[in-house]
Amino acid sequence: MNQSSSYKWKLGMFTIVGLSLLFITIYFIGKNKNMFGSTFGLTTQFRNVSGLKVGNNVRFSGINIGTVDRIEFLSDSSVSVHLIIKEEVQKFLKTNAIASIGSDGLMGDKVLTISPGNSSNEIIKNNATIASAKAIEMEDIMKSVKMSVDNAVVITDELAKFTVNINNKEGVLSKLITDKTFANALTKTLTNLESSSQEFSVFTKKMNSSKGVLSKLVTDEKLGNSVDSTIIDLKETVKAAQSNFLLKGYFNKKKKAADKKKKELEKTIK
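What this report covers is the structure whose coordinates are included nearby.

Cut-offs and rules
Residues numbered from 1 in each chain as written. Predicted model: local features only at pLDDT ≥ 70, side-chain atom pairs only at ≥ 80, totals over all residues. Heavy atoms only, no water. Helix = DSSP H or I, 4+ residues; strand = E, 2+ residues; numbered from the N terminus. Buried < 20%, exposed > 50% of the residue type's maximum accessible area, 1.4 Å probe, protein only. Contact = heavy atoms within 4.5 Å. Areas by Shrake-Rupley, 256 points an atom, 1.4 Å probe, with all protein chains shown as cover. Pairing = 2+ DSSP bridges. Salt bridge = Lys/Arg side-chain N within 4 Å of Asp/Glu carboxyl O. Core = buried A, V, L, I, M, F, W, Y, C linked by side-chain atoms within 4.5 Å.

When you go through the protein residue by residue, the secondary structure sums to 7 helices and 8 strands. Classification of the 270 residues of the protein by burial places 18% in the buried group. Of the contacts made within the protein by residues no fewer than 6 positions apart, 56% connect residues no fewer than 24 positions apart. Surface exposure of the protein reaches about 21400 Å², of which carbon and sulfur atoms provide 60%.

A word on the pairing of strand β5 (residues 98–103). The pairing of β5 with strand β6 (residues 110–115) spans 6 bridges and is antiparallel. Residue pairing across strands places Ile-98 opposite Ser-115, the latter belonging to β6. Bridge count for β5 against strand β8 (residues 131–132) is 2 bridges, and the pairing is parallel. Counted as the bridge partner of Ala-99 is Ser-132 from β8.

Moving on, we get to the pattern of salt bridges. In total, this model carries 2 salt bridges according to the counting rule given. With its nearest N and O atoms 3.4 Å apart, the salt bridge here joins Asp-69 to Arg-70. Here Glu-72 makes a salt bridge to Arg-70, at a shortest N to O gap of 3.1 Å. Several salt bridges share partner residues, and in doing so they unite Asp-69, Arg-70 and Glu-72 into one network.

Attention now goes to the environment of Val-79. One can find Val-79 in strand β4 (residues 78–86). In the structure, Val-79 is positioned 30 residues away from Val-49 in sequence and 7.3 Å away in space, judged by C-alpha atoms. The residues contacting Val-79, other than those within four sequence positions of it, are Thr-44, Gln-45, Phe-46, Arg-47, Val-49, Ile-71, Glu-72, Phe-73 and Leu-74.

Here the focus is the nonpolar core. Counting residues in hydrophobic clusters, the biggest one holds 23 residues, and the most contacted among them are Leu-42, Leu-83, Ile-85, Leu-112 and Ile-114. Listing elements by their share of this core, those giving two or more residues are β1 (39–46), β2 (57–60), β3 (63–75), β4, β5 and β6.

In this section: the sheet that holds β6. Within the open sheet, the 8 strands sit side by side as β7-β1-β4-β3-β2-β6-β5-β8. Their pairing is mixed. Pairing within the sheet leaves two strands with one partner each, and these edge strands are β7 (128–129) and β8. Bridge count for β1 against β7 is 2 bridges, and the pairing is parallel. Counterpart to Thr-43 in the pairing with β7 is Thr-129.

Encoded structure:
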């Protein structure tokens, strides 16, 4: 009799624990699927759902507000995703909200995220369709990483060549770093160049001074005309001297010497 009672007691406890676990499981699954609260539906469309599955969470501002209910093909380039959302957050969702697909952590399950609309004050309605953003594909990320790695290889290769050229003793930069004589000569050249530029600056200031002869020659019309007149008079004097019988022999001799030199130069060129 005692053994029968003990058996019945154990059987009852096992049944109670089993039913309790069943109810707890049903509760958590139902809570996750929004089976025990008021909900409303939303629909969005993607070209590629990137591994999104039925039952994955829907988030808004980092909070789980619903789940993915159905995923259906509309065409070969369009997939419809139906969502079940808690009714309590409907007042925060606007008609221009945008759905996007992301990951829950680096290698976690996919998550559908709804970004709030900013330029609209109209609350979204039940079974409405919202816009979607293109999902970030792992293939695109890997292409970007590969491109960055390739660029890094090119940069390191060029940097290695640059360092080799620097360490080359024949290079100017290497001499500038290691050869004191070359560095001193370059420093002296730069100093002379700086001094020359300062002297040229002083010269230009003097040239632009209204008291200088060169400045007057450039800007003073009267002085310019006087110089022109002097040059013309000098030319006339030379012509008169050439016609003078006392100096004519001298100028003829100079002319013959010049002609002779010109002929010799022409023969050399030929």
